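# Remarks on the overall topology
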Amino acid sequence: MMLSHGSEGGYELAHVLLEGLKFRYQRTIVHRLDPRVKLLLTLTLFVIALMSSNIYDEALTFTAILIPASLAKSIRRLLRLLVYSLAFSAFIFIINYIFTHSLFSSSIVTVRFLGIVASTSMFFMTTSPDEVEYVLRWFRLPRDFVFAFATSIRFVPVLMMDLTQIIDAQKSRGLELDKGGPIKRIRNLVPVLIPLVVNALVRSSELAEAMEARGYGATEKPTSMYSLKMTKVDYLAVAIILTAAALLLSLFLHVV
Amino acid sequence: MSRATVEFRDFSFTYAGMKIPAVRGINFSVEEGSIALLAGASGSGKSTILRSINGLIPHIYPGEYKGDVFVDGQSVIETETFELARKIGFLFQNPENQIFMFTVERDVAFGLENLGYEPKEIKKKVEWALKLLGISDLAKRSPSELSDGQKQRVALAGSLVMDPKIIVLDEPTSLLDPKTAQEVVHLVEDLKRTLGLTVILVEHRLELVSAIADKIIILNKGEVFAEGKPDQILAKDNLHEAGLSIPPIIELQKRLGLVDSDAVAMDVDDFLQRFVQKWQL
């Protein structure tokens, strides 16, 4: 989906990041795993990335991330996402350097950040929003919360489409989003944001009516067409993830 | 004689905070297994009438409620909205705003899940609804990948899966191209015939749907402006007063002097027959 002809850098970056995190179904062993296993994998990689404190740890962390990414045939997407995260990484590096005056520790923190981005991105790249919703339900989170979360993800492409149309409409009426200094540019967004918010409010009102019309809230315990079921492959994956995590953490902590 | 499935009895409603009633003195009924076309300009009260049928008025939208609305013999004011949801399927103008889930089959299942059906039964009913609407091949697809016409079918499947007696369609063709709009109209007619549904259809474009309607109810400024069989209603000269344009085929008959005894031809074949008879060709 294109934002608009000659979109401004900020919108383009947001668009690329959203596209980068978007779930795309592929017939890989990682995609087919139970979403709870994928969540465990993500959390494990997240902790490993957070615990890495030297160049060897970082190398092991990225190897650990790249193995499932490779199995999920998502290495290229992951690397593209990391490239787009470089600007923010540079910011983290500079801030760290200002406070620590250490090139080494600033570099470690920055690479650690990239490890965290890569590990969490893996989850969203390989887990459909549908599966995310099932996981939230499995955690027995309140139904309203899960539904609000799922709906907000479901409507991201719809709102992006609204945004595109509003930007195009306002541009055709002479609005120049990329003209002027930072303050002027922020003010330029007002004619885009007001119709976007109004549209979203109208949409949410119709959404609420549609929910009522389809019996939302009719019963305390709504059922579900599908439920999560672990297979042998899932159990095996859990065993591999936990063993690998234990091994890596003991290496990081110099236990072995 | 078939019984009334939806009935308005001297119904008036004023939204909370408003001084003027949105609708007043509404009296009409829709017979079981028929198609009723509800038409009127913007602000004529169509949305208020629809909200009164599915119970959003008065259960969600507060205000001054007078008279009664009955759905399948039950007073709407005394019935919870989720109970009405079992009886009434609702298709909104923009299908995008009533598709909640990430796959087509899960969205179709949404209503049944809310009503607490067993998973096995849900799967069976969802398969049936998808097949009925010819979208079984879309079951695993994401709604965001579908065309407007396909989304409309998904939304309709999501309503029909709950096995309603009545289906209410709020301008279902307004966002569709002419060919897809025509397909939706035929689909509605088929569903009415095969499932014995009562259909209430809101539509501006009279030429598109008047041929399949058993009854037309025209609203104007919150009141029933005209009510009757389509050929009788469309033969009237004052439809423009209700902000409606006359379908071209009716306008042509009026100009050719083919309108007699307050009735008009609703389709091309009927029109040609009248034309041949009138001019003895």
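The preceding data block contains the structure.
Everything in this summary refers to the structure shown in the same document. Here the residue numbers are simple positions, counted from 1 along each chain's written sequence. All chains are assigned letters beginning at A, and all ligands numbers beginning at 1, according to the order in which they are written. Local features in this predicted model are restricted to residues whose pLDDT is 70 or higher, and side-chain atom pairs enter the listing and the counts only when it is 80 or higher, whereas totals over whole chains, interfaces and linings include all residues. Each side-chain value is derived from all of the structure's non-hydrogen atoms; neither hydrogens nor water enter the calculation.

## Things to note about the pairing of strand E9 (residues 215-220) of chain B
All names here are of chain B. Counted residue by residue, E9 has six buried out of six residues, so it is predominantly covered. Judged by which residues are buried, E9 turns out to be covered on both faces: Lys 215, Ile 217 and Leu 219 on one side and Ile 216, Ile 218 and Asn 220 on the other are all buried. The rule for pairing is simple: two strands pair if DSSP sees at least two bridges between them. Secondary structure counts use DSSP, requiring at least four H or I residues in a row for a helix and at least two E residues in a row for a strand, with both numbered from the N terminus. Turn length for the E9-strand E10 (residues 223-228) hairpin, with the two strands adjacent in sequence and antiparallel, is two residues, and the turn residue Lys 221 shows positive phi of about 50°. The cut-offs for exposure are 20% and 50% of the maximum accessible area for each residue type, with area from a 1.4 Å probe on protein chains only; residues under the lower value are buried, those over the upper are exposed, and the others partly exposed.

## Describing the side chain of Asp 72 of chain B
All names here are of chain B. Note that Asp 72 resides in the loop between strand E4 (63-71) and strand E5 (74-75). On the basis of relative accessibility, which here comes to 12%, the residue Asp 72 falls in the buried class. Contacts were defined at the residue level, with two residues in contact if any of their heavy atoms lie within 4.5 Å. In this view, Asp 72 contacts Arg 3, Thr 5, Lys 87 and Lys 165; residues no more than four positions away in its chain are not counted.

## Comments concerning unusual backbone geometry
Looking along the chain, the bond that leaves Ile 57 of chain B and enters Pro 58 of chain B is cis, with omega of 10°. Structurally, Pro 58 of chain B is set in helix H2 (residues 56-59). One non-glycine residue, His 101 of chain A, lies in positive phi territory at about 55°. Within the secondary structure, His 101 of chain A is located in the loop between helix H6 (86-100) and helix H7 (103-126). Backbone geometry places Lys 221 of chain B, a non-glycine residue, at a positive phi of 50°. Note on placement: Lys 221 of chain B falls in the loop between E9 and E10.

## Focus on the interface of chain B and chain A
Between chain B and chain A, the contact holds 43 residues from the first and 32 residues from the second. What counts as buried area is the accessible surface, traced by a 1.4 Å probe, that two parts surrender upon association, with contributions from both included. In this assembly, chain B packs against chain A so that about 3300 Å² is buried in total across both faces, 56% of it on carbon and sulfur atoms. By the criterion applied in these results, polar contacts are pairs of N or O atoms within 3.5 Å in which, for protein atoms, one can donate a hydrogen and the other can accept it, and in which residues neighboring in sequence qualify only through two side-chain atoms. Where chain B touches chain A, the interface holds 18 residue pairs in polar contact (both at pLDDT 80 or more). Mapped onto the side of chain B that touches chain A, the elements with two or more residues apiece are helix H3 (81-87), strand E6 (88-91), helix H4 (104-114) and helix H5 (119-132) of chain B.

## Side note on the sheet that holds strand E1 (residues 4-15) of chain B
Residues and elements named next belong to chain B. Across the sheet, which stays open at both edges, the four strands sit in the order E2-E1-E4-E5 with antiparallel pairing between neighbours. Only two strands of the sheet have a single partner each, and these edge strands are strand E2 (23-31) and E5. Bridging between E1 and E4 involves eight bridges; their strand directions are antiparallel. Residue Tyr 15 lies in a different strand from E4, and its bridge partner there is Gly 63. Every axis in this analysis is a line fitted to C-alpha atoms, fitted for helices over the stretch in contact. Angles between the N-to-C directions lie between 0 and 180 degrees. On the sheet, helix H1 (residues 46-53) packs against E1, E2 and E4 and is oriented at approximately 120° with respect to E1.

## A look at empty space enclosed by the protein
Residues and elements named next belong to chain B. Space inside and on the surface of the protein is sampled on a 1 Å grid over the protein atoms alone, with a cavity defined as a set of points where a 1.4 Å probe fits but cannot get out and a pocket as an open set with protein on both sides within 12 Å along at least 5 of 7 lines; lining residues have an atom within 4 Å of a point. Grid points are joined across faces, edges and corners, and a volume is the space filled by probe spheres set on the points. Inspection of every chain in the model, using the stated rule, returns one cavity of 30 Å³ or more. Here the largest cavity defines a volume of roughly 40 Å³. Forming the boundary of the largest cavity are Leu 156, Leu 160, Ile 167, Leu 169, Val 188, Leu 191, Lys 192, Leu 197 and Val 199. Elements that contribute at least two residues to the lining of the largest cavity include exactly helix H6 (148-160), strand E7 (166-170) and helix H7 (178-195). Sort the elements by how many residues they give to the lining of the largest cavity and H7 lands first, with three residues. Put simply, Ala, Val, Leu, Ile, Met, Phe, Trp, Tyr, Cys and Pro go in the nonpolar bin, Asp, Glu, Lys and Arg in the charged bin, and everything else, Gly too, in the polar bin. For the lining of the largest cavity, the residue count by class is eight nonpolar, no polar and one charged.

## Focus on the packing of helix H3 (residues 35-51) of chain A against helix H8 (residues 129-138) of chain A
Residues and elements named next belong to chain A. Running from amino to carboxyl end, H3 crosses H8 at an angle of 85°, the nearest separation of the two axes being 9 Å. Classified by the interaxial angle, the pair formed by H3 and H8 is roughly perpendicular. Side by side, H3 and H8 meet where Pro 35, Arg 36, Lys 38 and Leu 39 of the first sit next to Glu 131, Val 135 and Trp 138 of the second. For the contact of H3 with H8, the per-class residue count stands at four nonpolar, no polar and three charged. Roughly parallel covers angles under 35 degrees, roughly antiparallel covers those over 145, roughly perpendicular covers 65 to 115, and oblique covers all other angles.

## Quick notes on the packing of aromatic side chains
Note on ring pairs: Phe, Tyr and Trp rings are taken, using the six-membered ring of Trp, and paired if centres are within 6.5 Å. Classes follow the plane angle, with under 30 degrees stacked, over 60 edge-to-face and the rest tilted. Here the structure, examined in full by the defined rule, presents 17 aromatic pairs over all chains. Relative to Phe 124 of chain A, the ring of Phe 123 of chain A lies with its centre 5.4 Å away and its plane at 80°, an arrangement referred to as edge-to-face. Classification of Phe 123 of chain A as buried rests on a relative accessible area of 7%. Connected via pairs of aromatic rings, a cluster forms that spans Phe 8, Phe 11, Phe 13, Tyr 15, Phe 28, Tyr 61 and Tyr 65 of chain B. Placement of a positive charge over a ring is assigned whenever Lys NZ or Arg CZ falls within 6 Å of the ring centre and within 35 degrees of the normal to the ring plane. In this arrangement the basic side chain of Arg 51 of chain B is found over the ring face of Tyr 61 of chain B, its NZ or CZ atom lying 4.4 Å from the centre.

## Some details on helix H12 (residues 190-213) of chain A
Expected span of a helix: the number of residues minus one, times 1.5 Å. The end-to-end C-alpha distance of H12 of chain A is 35 Å, a good match for the 34 Å that 24 residues give at a rise of 1.5 Å each. When we look at burial in H12 of chain A, the residues that qualify are Val 192, Leu 196, Arg 203, Glu 206, Leu 207, Glu 209, Ala 210, Met 211 and Ala 213 of chain A. Packed against the buried residues of H12 of chain A are helix H9 (143-154) and helix H10 (156-172) of chain A together with H1, H2, H3 and E6 of chain B. At the exit of H12 of chain A stands Gly 215 of chain A, carrying a positive phi of roughly 75°.

Any functional reading would require information beyond the geometric quantities listed.
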